[in-house]
Amino acid sequence: MPAVAYRRSLPVQDDESLLDIRLPVPTPGPRDLLVRVEAVAVNPVDHKVRRNNDPGGEPKVLGWDAAGTVVAVGAEVELFRTGDEVFYAGAIDRPGTNARFHVVDERIVGRKPATLTFTEAAALPLTSLTAWEGLFERLGLREGALERTGTLLVTAAAGGVGAMVAQLARALTSLTVVGTASRPETAEFARRMGVTHVVDHHRPLPQQVAEVAPGGLDLVFSTAGTDRNLAAYADMLKPMGRIVAIDDFDSAEIGLLKSKSISFHWELMFTRSLYGTPDLATQHHILTQIARLVDAGILTTTATTDLGTVNAAHLREAHRVLESGSAVGKITLTGF
């Protein structure tokens with residue numbers, strides 16, 4: 001089967017940073033689905049793994065967002081059958097989705113929204129799961145708790161995760177959403193996704209946030225720059241406020257949060273699959289909810305740019321755009 005992999009950690013400008021290869025079709029395990037992949041989306045985790053995890057010459061397939069059709073099932077599969085159209089984000093410790101056929105545990109898979117194409121659906125799983133877990137598990141919000149008022153700040157609100165945070169907060173809570181963006185096109189996209197007020201993350205945040213939320217923030221969903229913005233978050237948050245972060249950093253002055261009893265939470269969408277937690281099927285249920293909300297017209301895809309078929313050249317371009325920080329919404333690729 002055709003697939004795209006890398007053998008060494010190389011700059012994206014190098015033609016060998018991602019390679020077209022052929023691999024055997026994988027065999028599903030007991031709880032696995034074998035999926036014929038129709039479309040994929042690209043996330044920052046893709047280029048982070050490519051740059052920081054050298055496979056030592058062995059081909060490593062990246063990709064953690066996919067939509068496709070189930071073509072075979074493992075002996076213990078209960079939730080799906082052959083022919084089902086599905087979408088999912090995969091597991092970080094298994095081969096990725098940038099391949100024509102892919103195996104995935106059924107407990108982290110959802111049925112594709114019926115109203116979306118495979119391409120539109122492929123943009124959603126990783127960011128929807130991250131946003132849902134961050135909002136409703138880490139920050140302690142209740143789904144549909146429309147009496148829950150207050151103000152939420154989400155950074156990089158035109159990015160994949162930020163856009164889903166804004167949509168879910170708008171649809172399922174009564175929070176006022178303040179989002180950061182720095183360009184006219186990203187500000188417009190963030191507002192379309194549900195952001196009420198846009199502030200510029202290239203300028204000091206406290207003064208801007210004070211203008212739109214003079215009483216302070218209740219919650220922060222930090223998708224980027226958490227370490228450099230932590231002092232600003234401590235300043236802007238009310239006592240007993242909460243922060244959830246998804247970005248990578250080695251250290252931060254966490255003591256800044258103590259006087260206000262601000263709580264800090266990590267969110268990593270891969271935790272459940274990485275550790276095989278007893279509630280692994282929660283991600284199946286979340287994706288089921290996401291699909292229902294999409295089909296009801298409450299949520300929308302964040303797919304904005306399709307680069308063509310899944311091949312090394314197109315994936316190198318997707319990685320380049322994400323590394324530049326200029327992406328709006330989600331980049332997808334369709335077919336092989």
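Please read all numbers here as calculations on a predicted model, not as lab measurements.

What counts and what doesn't
Residues numbered from 1 in each chain as written. Predicted model: local features only at pLDDT ≥ 70, side-chain atom pairs only at ≥ 80, totals over all residues. Heavy atoms only, no water. Helix = DSSP H or I, 4+ residues; strand = E, 2+ residues; numbered from the N terminus. Buried < 20%, exposed > 50% of the residue type's maximum accessible area, 1.4 Å probe, protein only. Salt bridge = Lys/Arg side-chain N within 4 Å of Asp/Glu carboxyl O. Polar contact = N/O pair within 3.5 Å; in protein donor to acceptor, adjacent residues only side chain to side chain. 1 Å grid on protein atoms, 1.4 Å probe; cavity = no way out; pocket = protein on both sides within 12 Å on 5 of 7 lines; lining within 4 Å. Points joined across faces, edges and corners; volume = space filled by probe spheres on them. Nonpolar A, V, L, I, M, F, W, Y, C, P; charged D, E, K, R; others polar. Core = buried A, V, L, I, M, F, W, Y, C linked by side-chain atoms within 4.5 Å. Axes fitted to C-alpha atoms, helices over the stretch in contact; angles between N-to-C directions. Parallel < 35°, antiparallel > 145°, perpendicular 65-115°, else oblique. Contact = heavy atoms within 4.5 Å. Pairing = 2+ DSSP bridges.

A.B. asks: Any chance you could break down the side chain of Gln167 for me, citing the residues and the numbers?
C.D. replies: With respect to the secondary-structure elements, Gln167 resides in helix H4 (residues 160–172). Take Gln167: its relative accessible area is 0%, and that puts it in the buried class.

A.B. asks: Could you give an account of the pattern of salt bridges, naming the residues involved and the relevant values?
C.D. replies: Summed over all chains, the structure comprises 20 salt bridges. Linking Glu38 and Arg36 is a salt bridge whose minimum nitrogen-to-oxygen distance equals 3.2 Å. Classification of Glu38 as buried rests on a relative accessible area of 18%. We classify Arg36 as partly exposed; its relative accessible area is 32%. Taken together, the shared-partner salt bridges in this structure form one network comprising Glu133, Glu137, Arg138, Glu267, Arg272 and Asp279.

A.B. asks: Explain the side chain of Thr173 to me, and be specific about the residues and the numbers.
C.D. replies: Here Thr173 is to be found in the loop between H4 and strand E10 (176–180). When its relative accessible area of 5% is taken as the criterion, Thr173 is described as buried. In terms of polar contacts, Thr173 uses its side chain to reach the backbone carbonyl oxygen of Ala169, at 2.7 Å. Among the polar contacts made by the side chain of Thr173, one reaches the main-chain amide nitrogen of Leu175 at a distance of 3.1 Å.

A.B. asks: I'd love a proper account of the layout of surface pockets, names of residues and values included.
C.D. replies: Computed from the structure, the second largest pocket encloses a volume of approximately 180 Å³. Lining the second largest pocket are 13 residues, with Met1, Leu23, Pro26, Val61 and Pro95 positioned closest to its centre. In terms of residues, the lining of the second largest pocket owes the most to one element, strand E7 (residues 101–105), which gives 3 residues. Residues belonging to the lining of the second largest pocket are distributed by class as follows: 10 nonpolar, 2 polar and 1 charged.

A.B. asks: Residue-level account of the nonpolar core, with values.
C.D. replies: One finds Leu135, Leu152, Leu168 and Phe221 to be the most contacted residues of the largest nonpolar core, which totals 76 residues. Here this core gets 8 residues from one element, more than from any other, and that element is H4. Core analysis: the second largest hydrophobic core is formed by 17 residues, Met236, Leu237, Leu257 and Ile262 among them.

A.B. asks: For the packing of helix H1 (residues 44–52) against helix H10 (residues 312–324), give the residues involved together with the corresponding values.
C.D. replies: It is the contact of H1 with H10, at a shortest axis distance of 9 Å, that shows an interaxial angle of 100°. For the element pair H1 / H10, the angle class is roughly perpendicular. Taking contact as the criterion, the partners of Pro44, Asp46, His47, Arg50 and Arg51 in H1 are, on H10, His319, Leu322 and Glu323. Here the residues of the contact of H1 with H10 sort into 2 nonpolar, 2 polar and 4 charged.

A.B. asks: Which residues make up the sheet that holds strand E1 (residues 2–6), and what are the values?
C.D. replies: Spatially, E2-E1-E4 is the arrangement adopted by the 3 strands of the open sheet, whose pairing is antiparallel. What marks the edges here is a single partner per strand, and that holds for strand E2 (19–22) and strand E4 (60–61). When E1 meets E4, the two strands line up antiparallel, connected through 2 bridges. Paired with Tyr6 across the strands is Lys60, a residue of E4.

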